[in-house]
Amino acid sequence: MSTVLNNLVNQPYKHGFVTDIETESVPKGLNEDVIRLISKKKDEPEWLLEFRLQAYRHWLTMNEPDWANVNYPRIDFQEIIYFAQPKPKKQLASMDEVDPELRRTFEKLGVPLHEQKIMAGVAVDVIFDSVSVTTTYKAKLAEVGIIFCSFSEAVREHPELVKQYLGSVVPSGDNFYAALNSAVFTDGSFCFIPKGVKCPMDLSTYFRINTEGSGQFERTLIVAEKGSSVCYLEGCTAPQFDTNQLHAAVVELVALDNADIKYSTVQNWYAGDENGKGGIYNFVTKRGLCKGVNSKISWTQVETGSAITWKYPSCVLLGDNSTGEFYSVALTNHLQQADTGTKMIHLGKNTRSKIISKGISAGRSSNSYRGMVKVGSRAIGARNYSQCDSMLIGDRCEASTFPTIDVQNTTAMIEHEASTSKIGEDQMFFFAQRGIGSEEAISMIINGFCKDVFVHLPMEFAVEATKLLGLKLEGSVG
Amino acid sequence: MISKDSKVMLEVKNLRAKVGGVEILKGVDLTVNAGEVHAIMGINGSGKSTFSKVLAGHPDYHVTGGTASFAGKDLFALEPEERARAGLFLAFQYPVEIPGVSNSALLRLAYNTLQTERGLEELDPLEFEDLVHEKIKVVEMDPSFLGRSVNEGFSGGEKKRNEILQMAVLEPKLAILDETDSGLDIDALRIVANGVNSLLTPDNAVVMVTHYQRLLNYIVPDYVHVMDGGRIVRTGGKELAQELEARGYDWLRAAA
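Bear in mind that the values here come from a model prediction, so they are computed numbers and not experimental data.

## Examining the overall build of chain B
Part 1 of the argument: Scanning chain B for helices and strands turns up 8 helices and 12 strands.
Part 2 of the argument: The globule rule puts the C-alpha radius of gyration for 256 residues at 18 Å, and the 18 Å found for chain B is close to it.
Part 3 of the argument: Projected onto the principal axes, the alpha-carbon positions of chain B cover approximately 55 × 40 × 40 Å.
Part 4 of the argument: Here chain B, with 256 residues, has 46% of them falling under the buried criterion.
Part 5 of the argument: Sequence-distant contacts, at least 24 apart, represent 71% of the contacts inside chain B between residues at least 6 apart.

## Comments concerning the overall build of chain A
Part 1 of the argument: Within chain A one finds 11 helices and 25 strands.
Part 2 of the argument: Put simply, chain A has 478 residues, and 56% of those count as buried.
Part 3 of the argument: Counted over contacts in chain A with a minimum sequence separation of 6, partners at least 24 positions apart contribute 84%.

## So, the interface of chain B and chain A
Part 1 of the argument: The partner chain A presents 18 residues to the 19 residues of chain B that form the contact.
Part 2 of the argument: Elements with a minimum of two residues in the side of chain B that touches chain A: α2 (80-85), β7 (98-102) and α3 (103-117) of chain B.
Part 3 of the argument: Residues that form the side of chain B that touches chain A fall into these classes: 13 nonpolar, 4 polar and 2 charged.

## Details of the nonpolar core
Side chains of nonpolar character tend, in soluble globular proteins, to be buried together.
Part 1 of the argument: Core analysis: the biggest nonpolar cluster contains 197 residues, and Ala 224, Leu 253 and Ile 261 of chain A together with Phe 89, Leu 174 and Ile 176 of chain B have the highest contact counts within it.
Part 2 of the argument: For this core, the leading source of residues is helix α10 (residues 438-454) of chain A, giving 9 residues.

## Describing the sheet that holds strand β4 (residues 61-70) of chain B
All names here are of chain B.
Part 1 of the argument: As summarised here, the arrangement of the 4 strands in space is β2-β1-β4-β5, forming an open sheet in which the pairing is antiparallel. In this open sheet, the two strands that pair with only one neighbour each are β2 (22-33) and β5 (73-74).
Part 2 of the argument: One ladder, built from 8 bridges, connects strand β1 (residues 8-19) with β4; its direction is antiparallel. When the sheet's bridge partners are listed, Val 19 is paired in β4 with Tyr 61.

## Topic: the environment of Ile 98 of chain B
Part 1 of the argument: Within the element layout of this structure, Ile 98 of chain B appears in strand β7.
Part 2 of the argument: Sequence-wise, Ile 98 of chain B and Asn 151 of chain B are 53 residues apart; in three dimensions their C-alpha atoms are separated by 6.8 Å.
Part 3 of the argument: Setting aside its immediate chain neighbours within four residues, Ile 98 of chain B contacts Gln 427, Ile 445 and Gly 448 of chain A together with Leu 106, Ser 149, Val 150 and Asn 151 of chain B.

## Re the packing of helix α1 (residues 32-41) of chain A against helix α2 (residues 46-60) of chain A
Axis angle and axis distance: for two packed helices, these are the angle between their axes and the distance between the axes, and together they describe the pair.
Residue and element names in this part refer to chain A.
Part 1 of the argument: Between α1 and α2, whose axes approach to 10 Å, the crossing angle comes to 155°. One finds that α1 runs roughly antiparallel with respect to α2. In this structure, the crossing between α1 and α2 has a hand that is right-handed. Across the interface between the two elements, Glu 32, Ile 35, Arg 36 and Ser 39 from α1 touch Leu 48, Leu 49, Arg 52, Leu 53 and Tyr 56 from α2.
Part 2 of the argument: Split into classes, the residues belonging to the contact of α1 with α2 amount to 5 nonpolar, 1 polar and 3 charged.

## Observations regarding helix α6 (residues 186-199) of chain B
Residue and element names in this part refer to chain B.
Part 1 of the argument: Between its terminal C-alpha atoms α6 stretches 20 Å, which fits the 20 Å expected from 14 residues at 1.5 Å a residue.
Part 2 of the argument: Of the residues making up α6, those classed as buried are Leu 189, Ile 191, Val 192, Ala 193, Gly 195 and Val 196.
Part 3 of the argument: Check the buried side of α6 and you find it contacts α5 (156-170) and β10 (205-210).

## Focus on the confidence of the model for chain A
All names here are of chain A.
Part 1 of the argument: Chain-level pLDDT for chain A is 83 on average; 79% of the residues reach the 70-or-more range.
Part 2 of the argument: Mean pLDDT across the elements of chain A bottoms out in helix α4 (residues 115-118) (38) and peaks in strand β17 (residues 314-317) (98).
Part 3 of the argument: Contacts of residues 1-10 to residues separated by more than four positions or lying in other chains number 49 contacts, the stretch itself having pLDDT below 50.
Part 4 of the argument: Here residues 112-122 is a poorly scored stretch, pLDDT under 50, and it has 22 contacts once near neighbours within four places are set aside; other chains count.

## Some remarks on the sheet that holds strand β6 (residues 88-91) of chain B
Residues and elements named next belong to chain B.
Part 1 of the argument: The mixed open sheet is built from 6 strands, whose spatial order is β6-β9-β10-β3-β11-β12. This sheet does not close on itself; its edge strands, each paired only once, are β6 and β12 (231-236). On average, each strand axis in the sheet is inclined to that of its neighbour by 20°, with strand direction left out of account.
Part 2 of the argument: As defined by bridge partners, strand β9 (residues 174-178) adjoins β10 across 5 bridges and the pair is classed as parallel. Following the sheet pairing, Leu 177 is matched in β10 by Met 208.
Part 3 of the argument: Helix-sheet contacts for helix α1 (residues 48-56) involve β3 (37-41), β6, β9, β10 and β11 (223-228), and the interaxial angle to β9 is about 145°.
Part 4 of the argument: Against the sheet, α5 touches β6 and β9, its axis set at about 165° to β6.

## Quick word on the packing of α3 of chain B against α5 of chain B
Residue and element names in this part refer to chain B.
Part 1 of the argument: Where α3 meets α5, the closest approach of the two axes is 10 Å, and the angle between their N-to-C directions is 30°. The two elements α3 and α5 cross, and the hand of that crossing is right-handed. Each of Asn 103, Leu 107, Ala 110, Tyr 111 and Leu 114 in α3 lies in contact with α5, whose residues at this interface are Asn 162, Gln 166, Val 169 and Leu 170.
Part 2 of the argument: Tallied by class, residues from the contact of α3 with α5 come to 6 nonpolar, 3 polar and no charged.

## A few points about unusual backbone geometry
Part 1 of the argument: Even without a glycine there, the phi angle at Asn 321 of chain A is positive, about 60°.
Part 2 of the argument: Along the chain, Asn 321 of chain A turns up in the loop between β17 and β18 (323-332).
Part 3 of the argument: Look at Asn 151 of chain B: it is not a glycine, yet its phi comes out positive at around 65°.
Part 4 of the argument: As for its placement among the helices and strands, Asn 151 of chain B is situated in the loop between β8 (149-150) and α5.

Definitions and limits used
Residues numbered from 1 in each chain as written. Chains lettered and ligands numbered in written order. Predicted model: local features only at pLDDT ≥ 70, side-chain atom pairs only at ≥ 80, totals over all residues. Helix = DSSP H or I, 4+ residues; strand = E, 2+ residues; numbered from the N terminus. Rg over C-alpha atoms; globule rule 2.2 N^0.38 Å. Buried ≥ 20, exposed ≤ 12 C-beta atoms within 10 Å, placed from the backbone. Contact = placed C-beta atoms within 7 Å. Nonpolar A, V, L, I, M, F, W, Y, C, P; charged D, E, K, R; others polar. Core = buried A, V, L, I, M, F, W, Y, C linked by C-beta atoms within 7 Å. Pairing = 2+ DSSP bridges. Axes fitted to C-alpha atoms, helices over the stretch in contact; angles between N-to-C directions. Parallel < 35°, antiparallel > 145°, perpendicular 65-115°, else oblique. Left-handed = near helix turned anticlockwise from the far one by under 90°. Expected span 1.5 Å × (residues − 1). pLDDT = per-residue confidence, 0-100.

Structure follows, in structure tokens:
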């Protein structure tokens, strides 16, 4: 590749600062006592402790999955701190009570924590290490009956809802990391949209991992009752450490009859340095259940960070006429490895799914799409359309596609399209010949490539995503 | 038209250049004044396309000797985008496709980059829309092409017309048309030629690189140069092209 195509990915990580806040942690390592301690610190009911212990016991019998197209040294699960929270832990009634240092952190991150910023219409639940710091705009949402709070608070205030839905989409023994999460999850977000309510604003959670050597195991549960709809945004960053941090979250979505959930993520966890030192291991289980008729779940993700990504936001289309969508941009640079995609499981009649995946690889990174479209024997008239496009920048990166299609009835219609392209010297020369510099050219090509996904992001996320991709690739072409 | 006091636009002296380690240009001399139209003809492999890419600064081509000045600047000291901003335009022989990038977005970015370079105001999308709708008439293209991805799914002729549209928007001092006539049917050829003719002024210049005399019936050159073996071996008026067409390049080689 020419010098033009060599500099685009070397932007230093902007969120790599550490916030100096006293944290309270449990000793590193995992055993039943640690789980009991976490549960006790959180003052949990007995059934939840049982849920955790059951998951833990199951986890002990499981093996780390090794089928993904990623390579990393074995994780020593006894070296991880499973619980860390900012001190002192107390109920925070208003934003003014939030530690000023923490607030400065969120200001640096651009999280709209203050009420005036929230007037922009985003309600934010901020997860710092493992504890939800504050949930903004709660009162306004409560007026229409929407519950949006930290997971811990939901356990305290709405135990019957949590008990009903927790593990109903991702069972505690679903997979190795989901089991681990179920055993040790510390906090997360809970969202409940009652019957017939259209959530009046986008709900947003901002995750950040601060403590070195800590794992983040958050748990998100969103339930949309009949005829309701909600748009949920998730953003992620982490400070820069030389050690790898584990992030194993579980997100469960439940959509009942005619309900609509749109879940968008911009993931910018620290990806490690250009030699692959440090960075987040992002092993996440996200799944939505279209339980009711005509329900719809839509995942949109922009994955730019993490040293290793292992993530397949999926939809189980149980209700007749339900719809699942997956729109993804995954960008890898330097030595990042991503194995990401989706599963669309068609069980109900006339269920529809759509997959648009855009992978961009630069540097010496590896970027894999892994997807499954499964149509059950009773899913009469099911339809799927998949499009998987890969773009290579430079000649030392790798892009792979692993699509699986499993159809068990003859009325299904499945379409799969794929393409691989390369930002070539000729394209770059063309832009240069029209007076356009290399970085603007790359940004234009990448945004064009990702357009089909970006249109599904909420406006402010789309702007952020566009900027983020530009920054990530700065210097990789040059 | 040729006038004695024309100012020099491009002056190339003894240019030598390599691609992939092989020397293709072996001492090219060419002077182009404002207001002139030049044609460079020659067989495949004679070096004429290489010459145009070297002038535009394609990274695969390496200048190994000689000089070139363009609009008073040392051309080879400029990056490709700086050459473009200085007013050098290359209409590509094989225009690239840019999926996902709309024609109008590309044109506007290129136009505004030039405006900034010239110390002029950038145009907002609505103002630019007006400008480009005027310009597109030059190449008789349907405005729906503006919303489509650059060259994606365009026919060969549409791609070439799109190149001339870019030229119309950017108004370069010197336009090099690299085999713009290849792959064009007679109607498209006429449209492209009319477009180029309508853009000619006493202050700009065109260099056409072509195999065939055909294009020169539509865009009449002041000078015709014949390239062979990496050099310009013969220069004449437009009648030289007709003679070449009638007698073939071998005639010239035998004479040389």
